Amino acid sequence: PAADLGGSPLDLDACLLGRIFSRDITTWDHPDIKDANPNLNVPANQGIIVAHRVSGSSSTAGTTQYLETAVQTEGCPSAWTLGSGGTITWPADTQGVQGSGGIADFLRANPYAISYLDSGFGHDNNFEEISLKNADGVYLTSKEADISAAAGIALQEQAIPADPFADWSSVNLYNRGGTTTWPITLFSYFYVDLDLRPLNQTGEVLKGFIRYILDNDDLLREFRFEPVPQAVKDYNMDTLALLTTASNAQPLVFESASTTLPGVGAGMYVISGKRQSYDDLEREELQNTITALEARLVALESANNANAGSSCTCDVDEYDDAEIRGIATAGVFFGILAFVLSAILLIYVCCCAGNSSKDSRGPKRVQDNSQADPDPSMGESKVQAHV
């Protein structure tokens, strides 16, 4: 109900959020919500509609695992007792919805509803989000938070194993310390075999792909993910180096358009952002042509608009009637002359055709043995070629 707060976000902590999702609190004007939000002005007994994902969902797992952790930290363990995981048993009066798109549609269609979404998806849909209290007692939205900070804090607190081959099943980033940390933050993982030798060269391609993703933060932000901090990235790169590939597999080299590798960029195992194929050049030329035509069209439309309403006349006053009649007579004369010439040509062709058909048996073949072709097959070829 952001509109009922004058555009400010709704302040909630884990205890209140857990009670709302578990249906212990069912109206927006509940005293505990009003205490946390003194400026909240909603209709009396305005109901809260809770929507959640159905089937397995990482969003459900992240939200419920956060609640399970945070209510213990904040001293309100009874606020959330529904457990955690990709699927849980929700109260009967909540609304199960399929997929993130379904949740987005539900929120748009139902004022005073509340649910959970990946932050990027929510931002893309311009949804109002709650201001959630973090472990340091700071209320902030995910837009205001430093999403990457949770991973750095977890590394400092040794919540991330020093040994990359240790058990990671209990590793999470929920409710980490830090004034700018967002409480519900999840890692995304690559699950990769330690021994990539059976993949031959593909093993090095896989390592190159992972390294490329880790090195290109803009690719992550394009999909509303945030990169891990540099300390965690270094940890990942060290772990990546421990993967074993085939002895004859060649590591991939990356060349960007701005970092040319002289003598190396044209190699076999180089993925280059500078090297182009003929198709790339052809597409570039086509795009340049389209751009030029579009610019020309704009110029023509501007000229046409500038001339709108003006008239165009053809001035023939410089020719007098006698000249025009003379031109017309010359045109008729050349037309008659062409007709006479075509008639003469037709008579000539007919005469020639008549002379050539005097012998009804057709043309005679004269055989001169002295000039016979010594190779009949070659002779046939010559005749066919002439035909």
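Here, every reference points to the structure presented above.
This one's a predicted model, so the numbers in the text were calculated from it and none came from an experiment. (Residues numbered from 1 in each chain as written. Predicted model: local features only at pLDDT ≥ 70, side-chain atom pairs only at ≥ 80, totals over all residues. Heavy atoms only, no water.)

Caption draft 1: A look at the pairing of strand 2 (residues 49-53). Among the five residues of strand 2, four are classified as buried, and the element is accordingly described as predominantly covered. Note: strand 2 against strand 4 (residues 113-114), two bridges, orientation parallel. Bridged to Ile 49 within strand 4 is Ala 113. Sheet topology note: the strand 2/strand 3 (residues 95-97) ladder contains three bridges and is parallel. Residue pairing across strands places Arg 53 opposite Val 97, the latter belonging to strand 3. Note that the unit made of strand 2, helix 3 (residues 58-73) and strand 3 has a crossover that is right-handed. (Buried < 20%, exposed > 50% of the residue type's maximum accessible area, 1.4 Å probe, protein only. Helix = DSSP H or I, 4+ residues; strand = E, 2+ residues; numbered from the N terminus. Pairing = 2+ DSSP bridges. Right-handed = clockwise from strand over helix to strand, strands pointing away.)

Caption draft 2: Geometry of the sheet that holds strand 2. Spatial strand order, 3-2-4: three strands in an open sheet with parallel pairing. The strands lining the two open edges of the sheet, one partner per strand, are strand 3 and strand 4. Packing of helix 4 (residues 99-109) onto the sheet brings it into contact with strand 2, strand 3 and strand 4, and relative to strand 2 it is tilted by some 170°. (Contact = heavy atoms within 4.5 Å. Axes fitted to C-alpha atoms, helices over the stretch in contact; angles between N-to-C directions.)

Caption draft 3: Region of the structure containing the nonpolar core. Counting residues in each nonpolar core, the largest one holds 34 residues, and the members touching the most others are Leu 17, Ile 20, Phe 21 and Tyr 66. Of all the secondary structure elements, the ones that give two or more residues to this core are helix 1 (14-21) and helix 3. If one sorts the elements of this core by residue count, helix 1 sits on top with six residues. With residues up to four places along the chain from it excluded, the contact list for Phe 21 reads Val 50, Thr 63, Leu 67, Trp 80, Trp 90, Pro 91, Thr 94, Ile 114, Ser 115 and Tyr 116. (Core = buried A, V, L, I, M, F, W, Y, C linked by side-chain atoms within 4.5 Å.)

Caption draft 4: A look at the sheet that holds strand 6 (residues 139-140). With mixed pairing, the three strands of this open sheet are ordered in space as 1-5-6. This sheet does not close on itself; its edge strands, each paired only once, are strand 1 (11-12) and strand 6. Bridge count for strand 5 (residues 131-133) against strand 6 is two bridges, and the pairing is antiparallel. Across the sheet, residue Lys 133 finds its bridge partner in strand 6, namely Tyr 139.

Caption draft 5: Focus on the pattern of salt bridges. Scanning all chains against the criterion turns up eight salt bridges. Two residues, Arg 19 and Asp 32, come together in a salt bridge whose shortest N-O distance is 2.6 Å. Of the two residues, Arg 19 is situated in helix 1 and Asp 32 in helix 2 (residues 31-36); the sequence distance between them amounts to 13 residues. Overall, the relative accessible area of 28% leaves Asp 32 in the partly exposed class. (Salt bridge = Lys/Arg side-chain N within 4 Å of Asp/Glu carboxyl O.)

Just distances and angles here, no functional claims.
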